[in-house]
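Structural overview for review
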Amino acid sequence: MNTRGNHPWEAGGDDDIHANAALYAVDALEPGERQTFEAHLSRCAPCREDVAAFGEVGGRLAAAAAAEPPPQLREDVLAAVRGTRPDAAATGEPGPGAGDHAGPAEPSGAAVVSLAGRRRPRTRWLAAAAAAVLVPGAALGGWVLGAQTEQREQQQVLAQEQERQNRLLGAPDVRTHRLEVDGNPATLVVSEQEDAAMFVASGLPGPGEDQEYQLWLMQDDTPVPDVHFGGGQVRVWLEGDVRQAEAVAMTVEPAGGSEAPTLPVLTAAEI
């Protein structure tokens, strides 16, 4: 015998419509189902209580740290809401909402969880269903928050870079040196006051396979290794002590840079 009708909230004659409270709360019903449920909701106080409770579940989930749920979780809890065990089709065993000809199921030891003493056990399953539907949304919210944080960090980096360039270009002692690298123009911008130098080139040819360009600060006629980079659109800051350097030179070195320059010197400028 079907026992769902024994509950006061099942008095509408439709065994499934009450279970739709969870799906309604998360806007997961089809338009026709939604219209039918809203008509039912106007005369069913228990379902209104369920919908309100699911709103609280959603609020708690939104405030919690997002986590990716197991793929099977949503199917399991929705099957529970519908009154059908997830493995019923595979085993041939009737779920809790099976027809009148189904006999009472025998308890299976630890596999059976007693719900005795709980006023509305169905609410626990429905809350789980709401959670299964809402958690992916919370995860998406976490992803959006992470993307926004990353975007803000990138904007801060760009702002700091722009400020650094402005200080260099606005320095009273800034000097610009025109260079040529294998027939291609490049520029070295230097300020002793800012202790800064920037190398800029457009369309710099590639230095070769497993090779990089490297800049050197000449200090007391000793080459001090500095930044190394590839070809293309180049805008790099020298990392060494510009104030102590008399000149900047450029060579081609193995990828990763060298501790001593490899001749020939491609270009150089006294600073």
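For the structure itself, look to the data block above.
Report on the accompanying structure. (Residues numbered from 1 in each chain as written. Predicted model: local features only at pLDDT ≥ 70, side-chain atom pairs only at ≥ 80, totals over all residues. Heavy atoms only, no water.)

Another aspect to go through is the environment of L41. Mapped onto the fold, L41 is located in helix α2 (residues 31–41). Assessed through its relative accessible area of 13%, L41 is described here as buried. Distance in space between the C-alpha atoms of L41 and A21 is 8.7 Å, their sequence separation being 20 residues. The residues touching L41, leaving out its near neighbours within four places in the chain, are Y24, C47, R48 and V51. (Helix = DSSP H or I, 4+ residues; strand = E, 2+ residues; numbered from the N terminus. Buried < 20%, exposed > 50% of the residue type's maximum accessible area, 1.4 Å probe, protein only. Contact = heavy atoms within 4.5 Å.)

Another aspect to go through is the pairing of strand β1 (residues 175–181). Every regular strand shows the same layout, with side chains that alternate between the two sheet faces. The pairing of β1 with strand β2 (residues 184–191) spans 7 bridges and is classified as antiparallel. Among the inter-strand pairings, L179 is bridged to a residue of β2, identified as A186. (Pairing = 2+ DSSP bridges.)

Our focus in this paragraph is the nonpolar core. In this structure, L188, F199, L204, L215, F229 and M250 are the most contacted members of the largest nonpolar core, which totals 24 residues. Mapped onto this core, the elements with two or more residues apiece are β1, β2, β3 (196–204), β4 (211–219), β5 (222–229), β6 (232–237) and β7 (247–254). Ranked by residue count, the leading element in this core is β3, at 4 residues. Apart from residues no more than four positions distant in its own chain, F229 is found in contact with F199, L204, E212, Y213, L215, V234, V236 and M250. Counting residues in hydrophobic clusters, the runner-up holds 12 residues, among them A21, Y24, F37 and L41. (Core = buried A, V, L, I, M, F, W, Y, C linked by side-chain atoms within 4.5 Å.)

The relation between two aromatic rings is expressed through the spacing of the ring centres and the mutual angle of the planes. All told, the structure shown has 2 aromatic pairs when counted by the stated rule. Look at F199 and F229: their rings are 5.6 Å apart centre to centre, the planes differ by 35°, and that puts the pair in the tilted class. Here F229 lies in strand β5 and F199 lies in strand β3, a separation of 30 residues in the sequence. Residue class for F199 comes out buried when judged on its relative accessible area of 1%. Between the aromatic rings of Y213 and F229, the centroid separation amounts to 6.0 Å while the plane-to-plane angle is 35°, which identifies the pairing as tilted. Of this pair, Y213 sits in strand β4 while F229 is found in strand β5, placing the two residues 16 residues apart along the sequence. (Phe/Tyr/Trp six-rings, centres within 6.5 Å; stacked < 30°, edge-to-face > 60°.)

Next up on the list: the sheet that holds β4. The sheet built from 4 strands is open, its strands ordered β5-β4-β7-β8 with antiparallel pairing. The open sheet terminates on both sides in strands that have one partner only, identified here as β5 and β8 (267–270). Strand-to-strand twist in this sheet, taken as the mean axis angle between neighbours without regard to direction, amounts to 30°. Pairing between β4 and β5: 6 bridges, direction antiparallel. (Axes fitted to C-alpha atoms, helices over the stretch in contact; angles between N-to-C directions.)

Attention now moves to unusual backbone geometry. Backbone torsion omega between L263 and P264 reads 10°, so that peptide bond is classified as cis. Tracing the backbone through its elements, the reader meets P264 in the loop between β7 and β8. For D195, which is not glycine, the phi dihedral falls at a positive 50°. Looking at where D195 falls in the secondary structure, it is placed in the loop between β2 and β3. Looking at D195, the relative accessible area reads 27%, which means it is partly exposed. Even without a glycine there, the phi angle at D221 is positive, about 65°. Taking relative accessible area as the criterion, D221 reaches 71% and is therefore assigned exposed.

The next subject is the pattern of salt bridges. Applying the stated criterion across every chain, the model contains 4 salt bridges. Notably, a salt bridge pairs R167 with E163, separated by 3.6 Å at the nearest N-O pair. In this pair, R167 and E163 both sit in helix α6 (residues 121–170), 4 residues apart, roughly one turn of the helix. Residue classification places R167 among the partly exposed residues on the basis of a relative accessible area of 40%. Given the relative accessible area of 46%, E163 is considered partly exposed. Among the ionic contacts, a cluster of salt bridges with common partners joins E163, R167 and E194. (Salt bridge = Lys/Arg side-chain N within 4 Å of Asp/Glu carboxyl O.)

By themselves, these observations are geometric and do not establish any function.
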